[in-house]
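# Structural overview
Here is how the chains run, residue by residue.
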Amino acid sequence: MPTPIISKRAPIYADVPNEKWNDWRWQLSHRLNSAEDIDKVLTLTESERTALNTQGLFRVDVTPYFISLIDPEDPNDPVRKQIIPVSEELNAFTSMMEDSLAEDRHSPVPGLVHRYPDRVLMLVTTQCASYCRYCTRSRIVGDPGQTFNRQDFEMQIEYLKRTPQVRDVLLSGGDPLVLAPKILEELLSRLREIPHIEIIRIGSRVPVFMPMRVTQELCDMLAKYHPLWLNIHVNHPVEITQELADACDRMSRVGIPLGNQSVLLAGVNDCVHMQRELVQKLTRIRVRPYYLYQCDLVEGSGHFRTPVAKGIEIIEALRGHTSGYAVPQFIVDAPGGGGKIPVMPNYLMSMSDHKIIVRNYEGYISSYEEPSEYKSHDPKTCAFCQNKRPEPGQSGITGLLEGDNMFIKPEGFDALHERGGLQHRLKDEAKWKPLGIGSSEPK
Ligand SMILES: *Cc1c(COP(=O)(O)O)cnc(C)c1O
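The text that follows walks through the structure, step by step, so that each part is easy to find. (Residues numbered from 1 in each chain as written. Predicted model: local features only at pLDDT ≥ 70, side-chain atom pairs only at ≥ 80, totals over all residues. Heavy atoms only, no water.)

## Overview of the nonpolar core
Heads up, the condition is: Definition of nonpolar core: a set of buried residues of the types Ala, Val, Leu, Ile, Met, Phe, Trp, Tyr and Cys, connected through side-chain atoms within 4.5 Å. The cut-offs for exposure are 20% and 50% of the maximum accessible area for each residue type, with area from a 1.4 Å probe on protein chains only; residues under the lower value are buried, those over the upper are exposed, and the others partly exposed. Secondary structure elements follow DSSP: runs of H or I no shorter than four residues count as helices, runs of E no shorter than two count as strands, and numbering proceeds from the N terminus. Whether two residues are in contact is decided by their heavy atoms: any pair within 4.5 Å suffices.
Grouped together as the largest cluster of nonpolar side chains are 88 residues, with contacts concentrated most on Ile67, Met122, Leu160, Leu171 and Leu191. Considering every element that reaches this core, the biggest residue donor is helix α11 (residues 242-253), with five residues. Residue contacts for Met122: discarding those within four places in its chain leaves Gly111, Leu112, Phe153, Gln156, Leu160, Val169, Leu170, Leu171, Ser172, Leu187 and Leu191. One finds Leu264, Val279, Ala317 and Leu318 within the second-largest nonpolar core, a separate group that totals eleven residues.

In structure tokens:
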């Protein structure tokens with residue numbers, strides 16, 4: 001076992017006994033949320049003080065453990081920027097939206113987002129251990145009056161029971177690991193009773209905000225509901241402490257595969273060299289970098305946005321330069337509910353009917369000769385082809401390739417291109433436009 005070390009503590013916590021510091025309930029009940037409290041740990045800037053004293057700001061709360069990672073003298077500290085609000089949060093920007101991913105539109109029952117063919121996102125609480133300033137769900141997260149209740153939960157379970165194409169349930173929120181242990185276990189066991197649910201996933205920043213919550217007892221409970229996967233959320237190497245490493249070790253040892261999701265944030269982690277260190281440190285604690293997200297177009301996060309090109313530059317600096325295991329997918333979550341779209345540098349440079357031209361990370365350009373004769377497996381005798389899962393309405397580009405569909409076109413396309421009367425055209429154009437341009441209303 002790794003030797004437990006006493007974590008870095010801000011001076012005001014020097015006298016807190018270890019039993020308290022290492023107790024997650026103490027950490028939760030001693031969170032900081034006002035200018036007055038936070039000023040005792042950091043010297044607040046004018047911008048931070050203004051934001052903290054603004055009514056109606058997205059909720060602020062920071063665990064003593066996490067705030068202790070901040071260098072109090074550095075106003076640009078990467079941990080500080082993630083959790084201490086600044087006045088720029090109050091600024092609007094072009095294309096800003098409340099629900100930029102159109103999750104509410106994809107919810108068949110409250111708190112359940114069914115966007116993809118075989119998996120759902122289940123929002124099980126609105127509460128977190130600390131609140132990220134760039135939260136994509138700030139429209140619901142943090143508000144104690146908006147927690148999901150038992151009735152919602154029963155409706156979610158009912159929907160899942162009667163929707164057999166769902167084989168993967170992703171628990172998020174809010175943070176599922178701040179739920180009372182009994183409630184979390186009830187939720188997991190109810191999901192496990194549904195035979196078609198193959199895997200359960202948890203997305204949680206608790207291990208980062210409050211690694212002491214990841215007790216052996218919690219790990220043993222989670223392990224009863226395998227196969228269970230878990231993604232943590234680390235943005236910067238300073239968040240990888242011995243405590244986080246130990247928490248991840250406990251989860252790995254009970255067989256939970258760990259991944260990491262980061263958000264690309266200006267001034268926090270928009271540096272290729274820092275990203276390389278981050279992903280290498282993650283693999284050392286057996287956490288596989290999964291996604292690096294482009295910042296969503298959500299209220300309050302304008303000052304965190306980077307050009308998409310920054311993400312491509314980061315992937316360029318990782319692929320080939322370090323272990324493939326350490327390279328995340330860079331994802332743009334398309335506004336308006338388009339979902340997650342991977343974006344990466346171009347490696348395929350050109351092609352002819354018998355050759356493709358590729359380049360590697362070093363700029364070495366090579367040709368790959370395609371086989372002159374390709375004898376494919378026989379779909380008619382292939383059991384997998386014959387028994388493929390239907391994806392009603394969502395077969396997409398694969399559906400075009402397989403010949404299930406011949407084209408994908410925007411709604412109103414046929415009417416628009418009909419050589420009918422002008423009246424028709426004008427009427428249909430009005431119908432077509434909002435969908436073609438994007439149906440979420442920018443503020
Ligand atoms: C992110 C997300 C998922 C999971 O996506 P993966 O690419 O499978 O990790 C599922 N549903 C919704 C609504 C999501 O936003």
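## A word on the environment of Met155
Here Met155 shows up in helix α7 (residues 150-161). Remark: the alpha-carbon pair of Met155 and Val109, spanning 46 residues in sequence, is separated by 6.6 Å. Filtering out sequence-adjacent residues up to four positions away, Met155 remains in contact with Val109 and Pro110.

## Re the site of the ligand
In plain terms, the rule: Summary of the distance rule: residues count as near a molecule or strand when at least one heavy atom falls within 4 Å of that molecule or strand. Within 3.5 Å is the distance limit for a polar contact, defined as a pair of N or O atoms, with the added protein rule that one can donate a hydrogen and the other accept it, and that residues adjacent in sequence qualify only through two side-chain atoms. Only protein atoms enter the calculation, which uses a 1 Å grid: trapped sets of points that fit a 1.4 Å probe without letting it out are cavities, open sets showing protein on both sides within 12 Å along at least five of seven lines are pockets, and any residue with an atom within 4 Å of a point is a lining residue. Placement in a cavity or pocket follows one criterion, namely that more than half of the molecule's atoms lie within 2 Å of its grid points. Under the scheme applied, nonpolar residues are Ala, Val, Leu, Ile, Met, Phe, Trp, Tyr, Cys and Pro; charged residues are Asp, Glu, Lys and Arg; polar residues are all the others, including Gly.
Close to the ligand lie Val113, Arg115, Tyr116, Arg119, Leu121, Leu170, Arg201, Tyr290, Tyr291 and Lys340. Between an oxygen atom of the ligand and a side-chain N or O atom of Arg119, the distance comes to 2.7 Å. Lys340 has a polar side-chain atom sitting 2.9 Å from an oxygen atom of the ligand. With respect to the pocket detection grid, the ligand is positioned in the largest pocket. Those elements that place two or more of their residues in the shell around the ligand are β2 (119-123) and β7 (288-293). The residue makeup of the shell around the ligand, split by class, is six nonpolar, no polar and four charged.

## With respect to the sheet that holds strand β11 (residues 355-359)
To keep it simple, the criterion reads: By this definition, two strands are paired if DSSP reports at least two bridges between them. The axes used here are C-alpha line fits, helices contributing only the stretch in contact, and every angle between their N-to-C directions lies in the interval 0 to 180 degrees.
Taken in spatial order, the three strands of this open sheet run β10-β11-β12, and their pairing is antiparallel. Edge positions in the sheet fall to β10 (348-351) and β12 (365-369), since each of these pairs with one other strand and no more. Here the average twist between neighbouring strands, direction ignored, is 25°. Here β11 pairs with β12 via five bridges, running antiparallel. Note on β12: the bridge partner recorded for Lys355 is Glu369.

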